[in-house]
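Inside the fold
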Amino acid sequence: MHKWIREQKITGTGGKDKTMVVGVLERGGKIHASVTGSRRKKSLQAHVREHVEPGAEVFTDALKSMRV
């Protein structure tokens, strides 16, 4: 990409101009992903509760919203 085009299209780093997606990967390869408008605990944990059986072990990144 030309430098002047890159400067027009890429306006910063981090979450600016990006869409938030939450996903759950099952053992065996099935993925449940959806676009979310919030990183808040209530929103993310609702997605996890919808797609994960109670008592299952969950591995996440260090995002505080995923703590129980």
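Bear in mind the structure is a predicted one, so any value in this text is a computation, not a measurement. Every chain's residues receive numbers from 1 upward, in the order its sequence appears when written. Note on the predicted model: pLDDT of at least 70 is required for a residue's local features to be given, and 80 or more for side-chain atom pairs to be given and counted; whole-chain, interface and lining totals, by contrast, use all residues. Based on all heavy atoms of the structure, the side-chain values leave hydrogens and waters out of the count.

Brief notes about the overall build of the chain
Numbering goes from the N terminus for both helices and strands, where a helix is a DSSP run of H or I of at least four residues and a strand is a run of E of at least two. Within the chain, the regular secondary structure consists of 2 helices and 2 strands. Secondary structure of the chain in N-to-C order comes out as α-β-β-α. A radius of gyration in this sense is built from C-alpha atoms; the matching globule rule multiplies 2.2 Å by the number of residues raised to 0.38. For a compact globule of 68 residues, the expected C-alpha radius of gyration is about 11 Å, and the chain comes in at 16 Å, more than 25% above that figure. Structurally, the chain occupies a C-alpha span of about 50 × 25 × 20 Å along its principal axes. The 68 residues of the chain split such that 13% are buried. Residues count as neighbours in contact if any of their non-hydrogen atoms are within 4.5 Å of one another. At a minimum sequence separation of 6, the contacts of the chain that also span at least 24 residues come to 20%. Computed by Shrake-Rupley with a 1.4 Å probe, the accessible areas treat only the displayed protein chains as cover when residues are assessed. Accessible area for the chain stands at about 6300 Å²; split by element, carbon and sulfur atoms hold 52% of it. We score Asp and Glu as negative and Lys and Arg as positive, and we do not count His or the chain ends. Where a charge lies is defined by one atom per residue type, namely NZ (Lys), CZ (Arg), CG (Asp) and CD (Glu). Where the 14 positive side-chain charges of the chain centre and where its 7 negative ones centre are 8 Å apart. Only protein chains enter the area calculation, which uses a 1.4 Å probe; residues under 20% of their type maximum are buried, those over 50% are exposed, and those in between are partly exposed.

A short note on the confidence of the model for the chain
Values of pLDDT, ranging from 0 to 100, describe the predictor's confidence in every residue of the model. For the chain, the average pLDDT comes to 85, and 100% of its residues sit at 70 or higher. Of all the helices and strands in the chain, helix H1 (residues 3–9) carries the lowest mean pLDDT, 83, while strand S2 (residues 31–35) carries the highest, 92.

Considerations on the layout of surface pockets
Here the largest pocket defines a volume of roughly 670 Å³. Lining the largest pocket are 23 residues, and of these Gly23, Val24, Leu25, Val58 and Phe59 sit closest to its centre. Elements with a contribution of two residues or more to the lining of the largest pocket: strand S1 (21–25) and helix H2 (41–51). For the lining of the largest pocket, the element with the most residues is S1, which contributes 5 residues. The residue inventory of the lining of the largest pocket, partitioned by class, reads 13 nonpolar, 4 polar and 6 charged. Put simply, the grid is 1 Å and covers the protein atoms alone, a cavity is a trapped set of points that fit a 1.4 Å probe, a pocket is an open set with protein on both sides within 12 Å along at least five of seven lines, and lining residues have an atom within 4 Å of a point. Grid points are joined across faces, edges and corners, and a volume is the space filled by probe spheres set on the points. Here the second largest pocket is characterised by a volume of approximately 270 Å³. In terms of lining residues, the second largest pocket is bounded by Gln45, Val48, Arg49, Val52, Glu53, Pro54, Gly55, Ala56, Val58, Thr60, Met66 and Val68. Class assignment for the residues of the lining of the second largest pocket results in 7 nonpolar, 3 polar and 2 charged. Under the grouping applied here, Gly and all other residues not named as nonpolar or charged are polar, the nonpolar ones being Ala, Val, Leu, Ile, Met, Phe, Trp, Tyr, Cys and Pro and the charged ones Asp, Glu, Lys and Arg.

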